[in-house]
Amino acid sequence: MINYTRQIGVKHNVDVCVVGCGPAGFAAAVSAARNGASALVIDALSMPGGMSTAALVPVLMPVSDGFNFLAGGIGHEMYLRAQESGAMRGGAIHAEKLKYLYEDMMAEAGVAISYNTTLMDVDLDGQRINAAIFHAKSGLFAIQAKIFIDCSGDGDLAALAGAPFEIGDDNGNTMPATLCSLWAGVDWNQYREGKAFSHNDDNMLAILKQAYEQGVISMDDYHHTGMTRTNDQLVTGNLSHVFGINPLDELSVTKGLIDNRKLLREYETMYRQFIKGFQNASLATSGSILGIRESRRIIADYVLTAQDYDNRATFEDEIGRYNFSIDVHPSTPGRLALEEHKKHFRGKAYGKGESYGIPYRILCPKNTDNLLVAGRCVSTDRNMMASLRVIPGCWITGMAAGTAAAISVKNKQKPNQIDVKALQKNLHANGAFLPNFKP
Ligand SMILES: Cc1cc2nc3c(=O)[nH]c(=O)nc-3n(C[C@H](O)[C@H](O)[C@H](O)COP(=O)(O)OP(=O)(O)OC[C@H]3O[C@@H](n4cnc5c(N)ncnc54)[C@H](O)[C@@H]3O)c2cc1C
């Protein structure tokens, strides 16, 4: 142990500082700026988009309930512009083009960005974050903001600020992680003829079993999400799992990356050998970060639960509604784990027109005065997180958090003291799906 003391400068002083520029952080920063706040978004990586770009997540989960566009507002705008620019084809994500779109939209809104900048600590004044401390190439510095928004996916800022959190199941097990991958040289028509796509079909399960028994792949993991056609040249893979990774420990994440790269080489052999259309395929690259599905869940003024999912709950302070199935990837490999997942996942899927409400209170962490949270680390129980964590869900909570932050700044109020009706009115006017809000 050493004692380490330094005097550091305040490099930025803004209305709203957003930590993390994934889908949630992007939406939060743009919304704050569009509502008149000076907004700065920080990210440890060298690009916007978080998992949706750096981790090569292949596809967007549902944006609609079959009748209504649920990720209304920024999500809808993003979706339409992505179709136009080729950043998405339907739901399929072209990660490189998606980076450009995130940056274009942030530039248009006047959001300031600092990449390669990592949150390290906070300076607290009671329950208020006086400054957040960052490390970047220029050294250590502080950022002061009237309101901070934690969009780190891992809840790093909220945890440092003293908000309570939970992680994993009752035994601390988290969902497995995945290093997604980008492939070239796939004959997609042949692949479709082969009818071996994912864990949802028997052909693929038979191939996975054979490849495992012959030692081509070293993991008996039958929960195989599969391949998505990115565009006419490229295919993105969400193929393998690494188990027992602690997302808050860099050594555990390092091991996950190394193990997953090894697995990807095995899957390349399996696909070339066993899967029609992949004979001449090449694994071009893997994600630049490990895809983490589960990390801290920050406890806020309300905890959204699987019971709320079952009830298709509505809330007075609703900031949006969503519908993706509860998708808990089993934390162990094997056939039994897959059966358990299928039962859970398929049994609970919503029908057309169904959705659950997302209350504003899940964005307001306990024990904090100038902090909001959005994205994967909002206040839910474990099962509910496995629904709301996907990209459209993060756009919804990000837009609400950014808008709420701007209102807090304007009215000099704590986030949990703002007029929620005014927030809803603003969100509704900007396209959010709020069927229970009567203007
Ligand atoms: C393998 C995998 C497959 C998935 N598949 C799908 C799918 O098909 N469809 C779908 O819709 N969703 C999918 N998801 C879920 C979705 O991609 C994520 O849950 C979503 O991106 C979370 O968004 P976020 O903004 O909360 O966090 P993230 O996307 O994780 O972004 C957080 C950002 O914060 C930054 N950050 C973290 N800590 C710090 C720090 N201390 N200092 C500075 N910056 C920091 C990170 O660098 C990152 O850029 C998948 C996820 C994984 C892992």
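Residues numbered from 1 in each chain as written. Predicted model: local features only at pLDDT ≥ 70, side-chain atom pairs only at ≥ 80, totals over all residues. Heavy atoms only, no water.

**Digging into the overall build of the protein chain**
Scanning the protein chain for helices and strands turns up 12 helices and 17 strands. By the compact-globule yardstick of 22 Å for 439 residues, the protein chain fits well, its C-alpha radius of gyration being 21 Å. Across its three principal axes, the protein chain shows a C-alpha extent of roughly 65 × 55 × 45 Å. By residue count, 57% of the 439 residues in the protein chain fall in the buried class. Per element, the accessible surface of the protein chain, about 18,100 Å² overall, is 48% carbon and sulfur. Between the centroid of the 42 positive side chains of the protein chain and the centroid of its 45 negative side chains there is a distance of 3 Å. (Helix = DSSP H or I, 4+ residues; strand = E, 2+ residues; numbered from the N terminus. Rg over C-alpha atoms; globule rule 2.2 N^0.38 Å. Buried < 20%, exposed > 50% of the residue type's maximum accessible area, 1.4 Å probe, protein only. Areas by Shrake-Rupley, 256 points an atom, 1.4 Å probe, with all protein chains shown as cover. Lys, Arg positive; Asp, Glu negative; His and termini not counted. Charge placed at Lys NZ, Arg CZ, Asp CG, Glu CD.)

**Concerning the confidence of the model for the protein chain**
This prediction gives the protein chain a mean pLDDT of 96; 99% of its residues lie at or above 70. For the protein chain, the element scoring lowest by mean pLDDT is helix α9 (residues 335-347), at 77; strand β2 (residues 39-42) scores highest, at 99. (pLDDT = per-residue confidence, 0-100.)

**A short note on helix α12 (residues 420-429)**
Every buried residue of α12 is listed here: Leu423, Gln424, Asn426 and Leu427. Angularly, the buried residues of α12 cover 160° about the axis, an arc narrow enough to put them on a single face. Facing away from the buried side of α12 by more than 90 degrees, the exposed set consists of Lys425 and Ala429. Where the residues of α12 are buried, they touch β15 (318-322) and α11 (391-411). For α12, the N-terminal cap is aspartate 419; the gap from its side-chain oxygen to the backbone nitrogen of lysine 421 is 3.0 Å. A positive backbone phi angle near 100° is found at glycine 431, which sits one or two residues after α12. (Arc of directions from axis to C-beta. Contact = heavy atoms within 4.5 Å. Polar contact = N/O pair within 3.5 Å; in protein donor to acceptor, adjacent residues only side chain to side chain.)

**As for the nonpolar core**
Counting residues in hydrophobic clusters, the biggest one holds 103 residues, and the most contacted among them are Phe26, Leu372 and Trp395. A total of 12 residues in this core trace back to one element, the largest contributor, which is α11. With sequence-adjacent residues up to four places away left out, tryptophan 395 is seen in contact with Pro23, Phe26, Ala27, Leu60, Val63, Ala71, Gly75, Met78, Met88 and Tyr102. Counting 37 residues, the second largest nonpolar core, distinct from the first, contains Ala196, Tyr222, Val253 and Ile292. (Core = buried A, V, L, I, M, F, W, Y, C linked by side-chain atoms within 4.5 Å.)

**Notes on the pairing of strand β10 (residues 181-184)**
Relative to strand β12 (residues 234-238), β10 runs antiparallel, the two being bridged by four bridges. Bridging from a neighbouring strand, alanine 184 pairs with leucine 234 of β12. Two elements, β10 and strand β13 (residues 282-286), share four bridges in a ladder whose sense is antiparallel. Note on β13: the bridge partner recorded for tryptophan 183 is leucine 283. (Pairing = 2+ DSSP bridges.)

**Describing the site of the ligand**
Within the structure, the ligand sits among 34 residues, and Asp43, Met51, Val59, Arg376 and Arg389 are positioned closest to it. Backbone polar atom of proline 23 to an oxygen atom of the ligand: 3.3 Å apart, as the coordinates give it. In this structure, aspartate 43 approaches the ligand through a side-chain N or O atom, which is 2.6 Å from an oxygen atom. Against a free-state accessible area of 990 Å², the protein chains account for coverage of 95% of the ligand. Elements with a contribution of two residues or more to the shell around the ligand: α1 (23-34), β6 (118-125) and α11. Examining the composition of the shell around the ligand, we find that three residues originate from one element, α11, more than from any other. Of the residues assigned to the shell around the ligand, the class counts are 18 nonpolar, 11 polar and five charged. (Near = heavy atom within 4 Å. Nonpolar A, V, L, I, M, F, W, Y, C, P; charged D, E, K, R; others polar.)

**Regarding the domain arrangement of the protein chain**
Parsing the protein chain into structural domains produces domain 1 (10-169 + 294-329 + 350-429) and domain 2 (181-286). Placing the centre of domain 1 and that of domain 2 at their C-alpha centroids yields a distance of 30 Å. Roughly 1,200 Å² is buried in total at the junction of domain 1 and domain 2, and carbon and sulfur atoms are behind 63% of that figure. The largest contributions to the domain 1 side of the interface with domain 2 come from Leu56, Pro58 and Arg89, which together make up 45% of the buried area. A salt bridge links arginine 89 to aspartate 232, with the nearest nitrogen and oxygen atoms 3.1 Å apart. Inspection of the domain 1/domain 2 interface yields two residue pairs in polar contact (both at pLDDT 80 or more). A breakdown of the residues in the side of domain 1 that touches domain 2 according to their chemical character gives six nonpolar, three polar and five charged. (Domains from an automatic or database assignment. Buried area = accessible area lost by both parts, 1.4 Å probe. Salt bridge = Lys/Arg side-chain N within 4 Å of Asp/Glu carboxyl O.)

**Some thoughts on the sheet that holds β13**
Judged by pairing direction, the sheet is antiparallel, and its four strands sit side by side in the order β11-β12-β10-β13 without closing on themselves. Of all strands in the sheet, those with a lone pairing partner are β11 (226-229) and β13, marking the two edges. Averaged over all pairs of adjacent strands, the angle between their axes in this sheet comes to 30°, without regard to strand direction. Sitting on the sheet, helix α7 (residues 250-274) touches β10, β11 and β13, and the angle it makes with β13 is about 160°. (Axes fitted to C-alpha atoms, helices over the stretch in contact; angles between N-to-C directions.)

**Some thoughts on the packing of helix α6 (residues 202-213) against α7**
It is at 11 Å that the axes of α6 and α7 come closest, and there the two elements cross at 120°. Relative to α7, the element α6 lies oblique. Here the hand of the crossing between α6 and α7 comes out right-handed. Here Met204, Ile207, Leu208, Gln210 and Ala211 of α6 lie close against α7, whose contacting residues are Tyr267, Met270, Tyr271 and Phe274. Along the lines of polarity and charge, the residues of the contact of α6 with α7 split into eight nonpolar, one polar and no charged. (Parallel < 35°, antiparallel > 145°, perpendicular 65-115°, else oblique. Left-handed = near helix turned anticlockwise from the far one by under 90°.)

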